[in-house]
Amino acid sequence: MSIQTISVFERLYSSNTEIEEKESRKHAVACALELIKADLLSSNERSDHLKYHMENLSDYADKIESALKN
């Protein structure tokens, strides 16, 4: 996980009550994209994985947002 990803997670967690819902969603999507990038860089089957991840991006972001709210 990159330093930028950790920074985005920290911002979401530490100021979740201060960030508007749209901003929170943007950050959750950015985190999901960083995780997808890490997976793709560690895989030999990038095109198949990319398609799968793009189809599930919204679900990933939903899970990140939900985890940060709990």
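Refer to the structure above for everything that follows.
Note that the structure is a prediction, hence the values are computed from the model and not measured.

A.B. asks: Explain the side chain of Glu65 residue by residue, including any values.
C.D. replies: Topologically, Glu65 is positioned in helix 3 (residues 46-69). On the basis of relative accessibility, which here comes to 12%, the residue Glu65 falls in the buried class. At a separation of 2.8 Å, a polar atom in the side chain of Glu65 contacts the side chain of Arg25. With residues up to four places along the chain from it excluded, the contact list for Glu65 reads Glu21, Ser24, Arg25 and Ala28.

A.B. asks: Run through the environment of Ala61, naming residues and quoting values.
C.D. replies: Within the secondary structure, Ala61 sits in helix 3. Spatially, the C-alpha atoms of Ala61 and Ala32 are 5.9 Å apart, while their sequence positions differ by 29 residues. If sequence neighbours within four positions are ignored, Ala61 has contacts with Arg25, Ala28, Val29 and Ala32.

A.B. asks: Tell me about the nonpolar core, residues and numbers included.
C.D. replies: Core analysis: the biggest nonpolar cluster contains nine residues, these being Ala28, Cys31, Ala32, Ile36, Leu40, Leu57, Ala61, Ile64 and Leu68. Those elements that provide at least two residues to this core are helix 2 (21-41) and helix 3. Contacts of Leu40, omitting those with residues within four sequence positions, involve Arg46, His49, Leu50 and His53.

A.B. asks: Pulling in residues and values, what's your account of the pattern of salt bridges?
C.D. replies: Here the structure, examined in full by the defined rule, presents three salt bridges. Between Arg25 and Glu65 there is a salt bridge; the shortest N-O distance is 2.8 Å. Of this pair, Arg25 sits in helix 2 while Glu65 sits in helix 3, and the two are 40 residues apart along the sequence. Here Lys37 makes a salt bridge to Glu34, at a shortest N to O gap of 4.0 Å. On the criterion of helical spacing, the pair formed by Lys37 and Glu34 is a turn pair, its members being three residues apart in helix 2. Put simply, Arg25, Asp62 and Glu65 are held in one network by salt bridges that share partners.

A.B. asks: Let's hear about helix 2: which residues, and what values?
C.D. replies: Helix length check: helix 2, at 21 residues, gives a terminal C-alpha distance of 30 Å against a target of 30 Å (1.5 Å per residue), a fit within 8%. Taken as a whole, helix 2 has its buried residues at Ser24, His27, Ala28, Cys31, Ala32, Ile36 and Leu40.

Definitions and limits used
Residues numbered from 1 in each chain as written. Predicted model: local features only at pLDDT ≥ 70, side-chain atom pairs only at ≥ 80, totals over all residues. Heavy atoms only, no water. Helix = DSSP H or I, 4+ residues; strand = E, 2+ residues; numbered from the N terminus. Buried < 20%, exposed > 50% of the residue type's maximum accessible area, 1.4 Å probe, protein only. Polar contact = N/O pair within 3.5 Å; in protein donor to acceptor, adjacent residues only side chain to side chain. Contact = heavy atoms within 4.5 Å. Core = buried A, V, L, I, M, F, W, Y, C linked by side-chain atoms within 4.5 Å. Salt bridge = Lys/Arg side-chain N within 4 Å of Asp/Glu carboxyl O. Expected span 1.5 Å × (residues − 1).

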